[in-house]
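# Working through the structure, step by step
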Amino acid sequence: MIGIVIVSHSRKLAEGLKEIADVMSGQPVPVAAAGGVDDPENPLGTDGVRVLDAIREVMSDEGVLVFADIGSARLNAEMAIDLLEPEEQEKVHFCDAPLVEGVLAAAVQIGAGSPLQAVMGEARQAAAQKPPASEAPRDAQSGGVTREFTIRNPMGLHARPAALLVTAMNAFSGEIRLANLSKGRQPVNAKSINGIMLSEVTAGDRISLTAEPAEAEAVFAAFEELIGKNFGDEATASPPAAPVETPAAAPQTAPPSSSGTLSGTLEGISIASGFALGPLHHVRNTLPEIEPVEVADPAAETERFTRALADAEAEITASLAAAGQRITAYDRKIFDAHISYLHDPEIIGTVKRRIADKGICAEAVWREVVADLAGTYAALEDPLLKARASDIIDVGLRVLRFLTGGETAAAAVSEPSVLAFADLRPSDVLALDESRILGICAMTGGKTSHAAILASALSIPVVFAVGEQLAGVAEGTQVLLDGTAGRLTVAPDPAAIATMKKDRKTWEDRRARAEALKTRPAQTSDGHEIRVAANMASVEELGVVATSGAQEVGLLRTEFLYMRREAAPGEDEQYEVYRTLVAGLEGRPLTVRTADIGGDKPVPYMDRPPEANPNLGWRGLRYSLAVPEFFDVQLAAILRASAHGPVRIMFPLVSTLQELRAAKERVRAVMATLRSRGLAFDDTLEIGMMIEVPAAAEMADMLAPEVDFFSIGTNDLTQYVMAADRANARVQDLFDPFNPAVLRMIARSIEAAHAADIWIGMCGAMAGSPIAAPILLGLGLDEFSMTPSDIAEFKLTVRDLALPDCRTLAADVLKLSSADAVRERVAGLHGG
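Notes on the structure follow. Quick caveat: nothing in here was measured; it's all calculated off a predicted structure.

Glancing now at the sheet that holds strand β16 (residues 478-482). Pairing in this open sheet of eight strands is mixed, and the strands run β10-β17-β16-β12-β13-β14-β15-β11 from one edge to the other. Whereas interior strands pair on both sides, the edge strands pair on one side only; in this sheet they are β10 (264-267) and β11 (269-272). Along the sheet, successive strands turn relative to each other by an average axial angle of 30 degrees, direction set aside. Pairing of β16 with strand β17 (residues 487-490), which is carried by four bridges, proceeds in the antiparallel orientation. Residue pairing for β17: Leu481 is matched across the bridge by Leu488. Each of β12 (275-283) and β16 touches helix α19 (residues 494-517); the most contacted strand, β12, lies at about 110 degrees to it.

As a further point, take helix α28 (residues 740-755). In this model, α28 (16 residues) spans 22 Å end to end at C-alpha, consistent with the 22 Å of a helix rising 1.5 Å per residue. Regarding α28, the residues found buried are Pro740, Val742, Leu743, Met745, Ile746, Ala747, Ser749, Ile750, Ala752 and Ala753. Capping of α28 at its N-terminal end is provided by Asn739; its side-chain oxygen lies 2.9 Å from the backbone amide nitrogen of Ala741. Phi turns positive one or two residues past the end of α28, at Asp757, with a value near 65 degrees.

Applying the stated criterion across every chain yields a total of 36 salt bridges. For Glu665, the salt bridge identified is with Arg668, shortest N-O distance 3.0 Å. In this pair, Glu665 and Arg668 are both assigned in helix α24 (residues 657-676), three residues apart and thus about one turn of the helix distant. Judged by its relative accessible area of 40%, Glu665 falls in the partly exposed class. Owing to a relative accessible area of 45%, Arg668 belongs among the partly exposed residues under this scheme. Because the salt bridges share partners, they merge into one network encompassing Arg531, Glu552, Arg648, Glu686 and Glu783.

This part is about the environment of Asp790. The topology assignment puts Asp790 in the loop between β26 (783-786) and α30 (791-799). In the structure, Asp790 is positioned 276 residues away from Ala514 in sequence and 9.9 Å away in space, judged by C-alpha atoms.

Residues Phe651, Phe710 and Ile746 are the most contacted members of the largest nonpolar core, which totals 100 residues. Excluding its chain neighbours within four sequence positions, the residues that come into contact with Phe651 are Thr594, Leu621, Phe631, Leu635, Leu660, Ala663, Lys664, Val667, Ile687, Gly688, Met689 and Met690. Of all hydrophobic cores here, the second largest spans 53 residues; its members include Ala272, Ile393, Ile437 and Ala451.

In this section: the side chain of Asp596. Here Asp596 shows up in the loop between β21 (590-593) and α22 (620-626). Asp596 sits in the buried class, given a relative accessible area of 10%. A polar side-chain atom of Asp596 sits 3.0 Å from the main-chain amide nitrogen of Gly620. Setting aside its immediate chain neighbours within four residues, Asp596 contacts Glu559, Arg619, Gly620 and Pro652.

The interhelical angle for the contact between helix α13 (residues 345-358) and helix α14 (residues 362-378), taken along N-to-C directions, is 135 degrees, at an axis separation of 9 Å. Between α13 and α14, the angle falls in the class oblique. The element α13 and its partner α14 pack so that their crossing is right-handed. Every residue of α14 that contacts α13 at Ile347, Thr350, Val351, Arg354, Ile355 and Lys358 is listed here: Ala362, Val365, Trp366, Glu368, Val369, Asp372 and Leu373.

The subject of this paragraph is the packing of aromatic side chains. Under the criterion given, the structure shown has 10 aromatic pairs. Ring geometry for Phe149 against Phe223: centres 4.8 Å apart, planes inclined by 55 degrees, an arrangement best described as tilted. Separated by 74 residues along the polypeptide, Phe149 in strand β5 (residues 145-150) and Phe223 in helix α10 (residues 216-228) bring together distant segments of the chain. By relative accessible area, Phe149 is classed as buried at 2%. The exposure class assigned to Phe223 is buried, which follows from its relative accessible area of 0%. Judged by centre distance (5.0 Å) and plane angle (45 degrees), the ring pair of Phe784 and Phe794 falls under tilted. With Phe784 in strand β26 and Phe794 in helix α30, the pair connects residues that are 10 residues apart, well separated along the chain. Exposure class is identical for Phe784 and Phe794. Each is buried.

Those residues of helix α32 (residues 819-827) not exposed but buried are Ala819, Val822 and Val826. Around the axis of α32, the buried residues are gathered within 55 degrees of arc, so they sit on the same side. Exposed and oriented more than 90 degrees from the buried face of α32 are Asp820 and Glu824. On its buried face, α32 sits against α28, α29 (773-779) and α31 (803-813).

Rules and cut-offs
- Residues numbered from 1 in each chain as written.
- Predicted model: local features only at pLDDT ≥ 70, side-chain atom pairs only at ≥ 80, totals over all residues.
- Heavy atoms only, no water.
- Pairing = 2+ DSSP bridges.
- Helix = DSSP H or I, 4+ residues; strand = E, 2+ residues; numbered from the N terminus.
- Axes fitted to C-alpha atoms, helices over the stretch in contact; angles between N-to-C directions.
- Contact = heavy atoms within 4.5 Å.
- Expected span 1.5 Å × (residues − 1).
- Buried < 20%, exposed > 50% of the residue type's maximum accessible area, 1.4 Å probe, protein only.
- Polar contact = N/O pair within 3.5 Å; in protein donor to acceptor, adjacent residues only side chain to side chain.
- Salt bridge = Lys/Arg side-chain N within 4 Å of Asp/Glu carboxyl O.
- Core = buried A, V, L, I, M, F, W, Y, C linked by side-chain atoms within 4.5 Å.
- Parallel < 35°, antiparallel > 145°, perpendicular 65-115°, else oblique.
- Left-handed = near helix turned anticlockwise from the far one by under 90°.
- Phe/Tyr/Trp six-rings, centres within 6.5 Å; stacked < 30°, edge-to-face > 60°.
- Arc of directions from axis to C-beta.

As structure tokens, then:
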């Protein structure tokens, strides 16, 4: 039997993975764990001799597969293979696959009796993170037989049931395909554990099996037996539903019904505030099914595809120009990514090859490639990456319009309406005519999607994630959209409409009051004045900041200078950017944060190794100090800009006093160099640091005497204090800046700053929160730096507060035990 060797830096990981593989394989498979080193104080590492012994432990004539985790593990594995005798080396293969998924896939295939090449292929497929491409399955073309079943075991086809299914299906020689009909998944190889797992079959899902006629009845009987045994799960299995014979065909998803309608209220999430009342108009913006029509001249068809790509890019450029200031420079970068997809050599090459090989129309091939790529993104766990599937579909639809002669999604709106989408996409937002659209609602979507970022700037209400029930609301039905509460009311009664009109009047009045206060100082009801600043991320935002009511820029994120380019910007280029901003601010201070580019950001010229956890890795000041030639260029450019107006330097991600002192030494060294070059700068400019690492908050009393100011970055501080990744949806309840643990860190930092006679600001998302305002005022925060669009509402909120009340509130919330309790206490400040 084929053997497996697991090479890992961690002995516990290797042994744990071996234990899981033993369970999933269904029968004993030779698996050897070669993890860690024999050093109690430093147990993490790999040992070539240990790997060699492991290989020989599972050696057989059928071969050995070696899997490794990272870096030196592979080197030691390859070294161990080199130490084998020549006849032994021929039997040992290093399998370049993800460690956990690869080992488990291989163990299942070995247990099912698969040959070596099939085992390696299945293990490597685990790296693809997607089901097989949506080619028409061979069994369907040859008249295979399909039968449907309902999966009833509580956990669905998770790891162990999937392994049992793969083992059972491998007993048959013919091809067998499985499709998750309930979730509209493409058919996958039923002998592939990766295909089964990525089909996401859960309890109650309806699936289809397609098998070759000669084996079909035996395949179905084996599957029914697994259902009867509940796939080995402990819960009692319900009797399987009677199978239904169907023609072999790929599953189709039915379009939303418009024959009837729903009533009542659908709850979602607020993207943009406001109120709308009007008829609902469904916008279909999903990939259409396209008939693969044969073409006589594939070369001409390829040229037609190339023209469609160019037309799509030209349309994006023209739409951005027409949008003007409605789309910020930062948000325009979303469409830079769309244009990149239009030039992606892998995507374009795949389409052109399939047109040439299959001789079918470009639109059918393009649709197929886009659907595959979107499926890959949608299958990822990271919510930010998962959201990129919508961008892929968006680009795909735009190109399809030029290939098929279709119109834009919202072009058919004939009267002012509330638009309903299955999934709003960035291009939909760009094409909107707000004069004809009352509001937008969508079945899916979240605040981190690119469409949400764009839609949040609209002057109409926008609500996402109201659910699939939206599809059941008939075209033209009167609806009430409350963007402030994140709610859609279907067929509202007169009382609901009257309440909405009252709420809308209150909201509009408050917005008008806030706008009137925008350019006035931020002042509490008892005359306490605070400083309000704006956050910036590009030169193009200068106009927005200048009219926002901000007294200064409290945070300039400089990462935009380094992204999407082949080499780092030089000193002169950076200087011109900073000088332009200083001039545009007309005497208002500019706080420049030095670069903080995480290891997850695509900046190839920085030559950084991949990191398991970029948020805790080589970023911020850590990187700058380690690469002084990078740091010194930015410091020189900032210092030179200070000759033209007030500029501050702010260091990100400071963890220790030694780091801070080293950074200040680099500033002094660069100043000396500029003097020797005869270049002017302000040698009295303020130097500050971010408080975003718990260590910095804890040591704030020692750090404060070294700087002129602190600025609290609540986004990172919250995720570090709470050990909760802000991009992980599963721990969002923990990622909460109102948790008393975070508030205590903030209070400690403010106290230390004032004790050292320096000022302290905040530039994280919390700074613009109306709920946080009274707490932060009471704690003594000096400056609030926020998104420019939040400034007017913030100033209005502050005007209704009295400083003594805020101080009492702040003292109270530090004694509470939960974020919910904090919010309740704030709500009670004015009896609300």
